[in-house]
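Summary of structural features
One letter stands for each residue in the lines below.
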Amino acid sequence: MSRLEKIGEPEYPLSMSLVLSHLRIEPDAVGEETELLSRYIEAALDYCGGFTRRQIPLQKFRLTLDSAGSCIELPHPPAASVESVTDAGGLIDPSMYILRTDLWPSALELLTPPSGQVVIEYTAGYTEATLPSQIRQAALLIIGQSYDIRQETVTGTSATRVPMSAESLLWMQRMGL
């Protein structure tokens, strides 16, 4: 049996300054809309993560396994780092495992088989520097649309789809699991 817990709050990899620049809003003109824009950032990146099957915001996790082999898949890829690994014998030295980011999903390869319960604390997701450009652009398009159209329906205009839409960008980053 396994259990996965989130530790702490996620860190979203889009800065407010980038969003303001995309929306052509002067930083000193934001005022009360900062909270609204923060929610748009979170919603857009969560949508992008769901669509691409990737962990977008950096999030720490604790994975507890009753037993495990020498190669352990880490849920919510991509894994960015491993903070600690313990088994029945205690803390495992970092030189005794390898974070395999070349695999999908990411995996932890233990150089010696673990004994008993295994607990892995790791971070998954992206920083602003590592976020793929297609995901960044798709999130900005979604944020822009949310900012411009604040209700579910628009009257008095005909709807058209933008050819290079957010979904088109996200298809290039979608991972099969």
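Residues numbered from 1 in each chain as written. Predicted model: local features only at pLDDT ≥ 70, side-chain atom pairs only at ≥ 80, totals over all residues. Heavy atoms only, no water.

1. Some points on the nonpolar core
Counting 26 residues, the largest nonpolar core has Leu 14, Leu 23, Leu 37, Cys 48 and Ile 143 as the members making the most contacts within it. Counting residues per element, the ones that place at least two in this core are helix H1 (16-23), helix H2 (33-52), helix H3 (133-148) and helix H4 (166-171). Apart from residues lying up to four places away in sequence, Leu 23 is in contact with Leu 37, Ile 143, Gly 144 and Tyr 147. (Core = buried A, V, L, I, M, F, W, Y, C linked by side-chain atoms within 4.5 Å. Buried < 20%, exposed > 50% of the residue type's maximum accessible area, 1.4 Å probe, protein only. Helix = DSSP H or I, 4+ residues; strand = E, 2+ residues; numbered from the N terminus. Contact = heavy atoms within 4.5 Å.)

2. Re H3
Under the 1.5 Å per step criterion, the end-to-end length of H3 is 22 Å for 16 residues, consistent within 8% with the ideal 22 Å. Contacts made by the buried residues of H3 are with H1, H2 and H4. (Expected span 1.5 Å × (residues − 1).)

3. Observations regarding the pattern of salt bridges
Using the criterion set out here, one finds six salt bridges in the structure. A salt bridge links Arg 3 to Glu 5; its shortest N-O distance comes to 3.5 Å. (Salt bridge = Lys/Arg side-chain N within 4 Å of Asp/Glu carboxyl O.)

4. Some remarks on unusual backbone geometry
Note the cis peptide between Pro 77 and Pro 78, where omega equals 5°. With respect to the helices and strands, Pro 78 occurs in the loop between strand E3 (71-73) and strand E4 (79-87). A positive phi angle is found at Arg 24, which is not glycine, with a value near 60°. In this fold, Arg 24 is placed in the loop between H1 and H2. Residue classification places Arg 24 among the exposed residues on the basis of a relative accessible area of 78%.

5. Brief notes about the side chain of Gln 59
Position of Gln 59 among the secondary structure elements: in strand E2 (residues 58-65). Excluding residues that lie within four positions of it along the chain, Gln 59 makes contacts with Lys 6, Ile 7, Gly 8, Glu 9, Pro 10, Tyr 122, Thr 123 and Ala 124.

Coordinates in, geometry out; function isn't part of it.
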